[in-house]
Amino acid sequence: MKISLDWLAEYVSWDDEPEALAAKLTSAGLNVESLEEFKQSFPGVVVAHVTDHRQHPDADRLSLCQVDDGTGEPVQVVCGASNVRKGLTVLLARVGAVLPGDFKIKKSKIRGVESRGMICSANELGLAAESEGIMELDTDLAPGTSADELYGFSDTVLDIEVTPNRPDWLSHIGVAREVAAIYGTKVVMPPVWSYQPSSENLGLKIKIDDYVECPRYGAFGATHLEIGPSPDWMQKRLRAIGSRPINNLVDITNYVMFELGQPMHAFDRAKLTGDTINIRTADSGTTVVTLDGQERKLDEGTLLVCDESGPIALAGVMGLANSEVTESTTEIVLESAFFNPKLVRTASRRLGLISESSYRFERGSDWNMVEKAALRALQLYQDLAGAHVLPAWADRQDPDRKSTASIPLRLWQVNRVLGTTITTDQAAQHLQALGLKVQPMGNSGTGSRNAVDMMVEIPSFRRDLFLEVDLIEEISRSYGLDNLPSGGGYRGAGGGVRRPDELVHTRMRHWFAASGYNELVTSSFLASGVLERLEFADDDCRARTLSVINPHHGGDTQLRTSLLPALLEVARRNLNAGSEPPVRLFQVNRVFWPAGAKRTDFLQEDDQLLPEEPLFLQFAIAGWRQEGLDGMPADLLEIKGVLEALASHLRLSVALEPADTENWLQAGSQWCIRDRNGKSVGAAGRVEAGILEKFDIDLPVAVVEINLSAMDLTPEPMKYVPFTRFPAVKRDLSLLVPAGTVWGAIQETVIDCAGPLLDRVDLFDIYRGKGVPEGKGAFGIRLKFRSQKGNLKSKTVDRAIGEILKGLSGRLQIEPRSQD
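Cut-off values and rules
- Residues numbered from 1 in each chain as written.
- Predicted model: local features only at pLDDT ≥ 70, side-chain atom pairs only at ≥ 80, totals over all residues.
- Heavy atoms only, no water.
- Axes fitted to C-alpha atoms, helices over the stretch in contact; angles between N-to-C directions.
- Helix = DSSP H or I, 4+ residues; strand = E, 2+ residues; numbered from the N terminus.
- Parallel < 35°, antiparallel > 145°, perpendicular 65-115°, else oblique.
- Contact = heavy atoms within 4.5 Å.
- Buried < 20%, exposed > 50% of the residue type's maximum accessible area, 1.4 Å probe, protein only.
- Phe/Tyr/Trp six-rings, centres within 6.5 Å; stacked < 30°, edge-to-face > 60°.
- Polar contact = N/O pair within 3.5 Å; in protein donor to acceptor, adjacent residues only side chain to side chain.
- Salt bridge = Lys/Arg side-chain N within 4 Å of Asp/Glu carboxyl O.

A. Geometry of the packing of helix α2 (residues 18–27) against helix α4 (residues 172–183). Remark: α2 packs on α4, axes separated minimally by 10 Å, with the N-to-C direction vectors making an angle of 95°. The orientation of α2 with respect to α4, classified from their angle, is roughly perpendicular. For the pair α2 and α4, contact is made by A20, L21, K24 and L25 and by E178, V179, I182 and Y183, respectively.

B. View of helix α10 (residues 411–418). If you check which residues of α10 are buried, you get L411, Q413, V414, N415 and L418. Contacts made by the buried residues of α10 are with β25 (407–409), α11 (424–433) and α12 (468–479). Phi turns positive, to about 70°, at G419, one or two residues after α10.

C. The arrangement of the packing of aromatic side chains in detail. For the structure on display, the rule yields 13 aromatic pairs. Relative to F586, the ring of F512 lies with its centre 4.9 Å away and its plane at 15°, an arrangement referred to as stacked. On the criterion of sequence distance, the pair formed by F512 in helix α13 (residues 500–514) and F586 in strand β31 (residues 583–590) is long-range, its members being 74 residues apart. Geometrically, the ring pair formed by F512 and F619 is tilted, given 5.0 Å between the ring centres and 45° between the ring planes. With a gap of 107 residues between them, F512 in helix α13 and F619 in strand β32 (residues 615–622) connect regions that are remote in the sequence.

D. How the structure looks around the side chain of R296. Mapped onto the elements of the fold, R296 is located in strand β18 (residues 295–297). Of note is the side chain of R296, whose polar atom sits 3.0 Å from the side chain of T290. At 2.6 Å, the side chain of R296 and the side chain of D292 are in polar contact.

E. Representation of the pattern of salt bridges within the structure. Tallying each qualifying case throughout the model produces 42 salt bridges. The partner of D52 in a salt bridge is R54, and the shortest N-O contact between them spans 3.3 Å. Across the pair E716 and R676 runs a salt bridge, and its minimum N-O distance is 3.7 Å. Of this pair, E716 sits in the loop between β36 (701–707) and β37 (729–738) while R676 is found in the loop between β34 (665–674) and β35 (680–687), placing the two residues 40 residues apart along the sequence. Overall, E716 belongs to the partly exposed group, its relative accessible area being 33%. Bridged by salt links that share partners, the residues R166, D168, E178, R462, D464, E474 and R477 form one connected network.

Here is the structure:
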């Protein structure tokens, strides 16, 4: 939300520089992201007087003008406007001036006649969305006076981050309340239209099919409107916050929305049919044309505003073309309503229509502002558009709506949580400064943990306050978070202590980030049809999904049963965007298995219906085609090494066993991952090419997936092993290994046969080709022997190597390679 300080100063006062104000607002919870100096200036544009006007000698629609721009010499300008004439006072853009749109004025010849400047229209200066002809000024300013004297202004604008629970901050009045609380001043509300008794009425009835969908709808009327430009002060304020002025009719509804936070919409009364406005949901197959000229097919259940002939607006999102106000509109029906936020959010997201109005409605509007905002707009229509306001209006409300209950507040709990010694009067002052009403209960000073010291009435604009702790948070904001004791207040038993598995998850994330992997934070929902691409078997618990009936995000409803679709989608986007392969990614996220294991520690019977929610680690390398030893894909070598290094870092025991366990991994190129107890907890390998094709990926992707919930994440105890004072003995062996023999089997045999003196065994080379018998490979391995008791003798090492060669020959038919 952009807040103009010039505009804000109309409602509240403060005695600080903008930077200090921004800092105090941020400390109070309104995060001011930036402080901008907005300036509207027209360098090179001056007031001028048309001293002569003649027909262009070679063009019927052009005029040749002599203009006095205050320099003492007449300026010749070719002008195409139909309203230019001798005696007009105009705005002249001199040669060298740069107009909006980076349009630079140059000396030029137009149809053979020199022109040294341009007489400007309001549109060309960015002062109006549309204009007919040049501007005709009514001013006594002398020629040569800068246009800034008439239309220039500067303002300071705060860009505030508004959290979803505080829709009241989406208005200047909402921010003014916070400023008043900080500086101890009062908020001055803008004037609204006052009811004047009359026999006139709106002539409309309101029908609401379901009050859950629309708890309140108001329709207000105004006639005899004169549409034209908005006054300069309104245009300047709208421009400062990034809103483009249109005309007084449209600008007033936008102005009040940014002022009070209540979106409204004006219908052309002459285009409405019948005497009833009906708020209902759309039937299947309904199509409408919105104000942007687009034909849109609506989902069944989309909330609509209708007259007797059909839809006239998408409730809370956008009006329709069939009721649009135009330059010829003289009578309007002004809508001010309270729509169901979820319905507005769903329609807005599905139609791709996210507007200032929908942004506010989907966060919840202020019930009491429905009427106040409409009366404010009517006052402006009367003042700025010459409107006659109809004194009777239609306002349909949910008859069963219950007002927000007051919240009891205990001073004992306030001071216990905050670590303060705030008195009852001080607490009341802090809450009242924020617009909350307080009713003391006569228990001040008792200090009892159960004594209610005051009842707090919650205003309609504070839709985020429900509990006592919410009020305590408000007191802390008003008191000043920096003023709270550094030691804090109440801390529960075990407060701040994290579970061992959470510590492992944190260490895991930090380790991957330090290793060059990028963490993914993806949606918990699956897009329709994505899961089928993975071809899970029917009896696989991942093949069955759970749908959320009312998702807050208004989009996909199926909870994910696998992390793979999101990972592949992110990999595809990054590769397509030109990221240099390999792309390294990881995520630690939950999946939801409705067909998984059921809870046994349930508190209620319905808890057994909840899905299993295992936590998975998944990391991947995408787009790497290089090969390693013996032609082994480099990405498979890396994910194997990364997993082993991670397990070592976390002191966890995992083993990789060649086995085909997942149909979405390439057969013959995957491992089964087992924990210290031999239980299968995951899989690793390259994603099957057919799966990648379905996700539009034409480069290899190697993935490791581990079910962390199925593992015992308790680190193995650390053991102290003293450093030996004696040097190691290293020997290299070249072995002829039959095709199909894996390194894991060789390593296991070497360790088993070498005895206790073997410290380490490594594979450093694989060669196949000239000099090596067909069907075999030459493996180079390095052995390191060490003793804790003394220096090793060559005979001892030779004896151990002999046992190794004997074991390799007998078990795996591996022989030493001849050095000839």
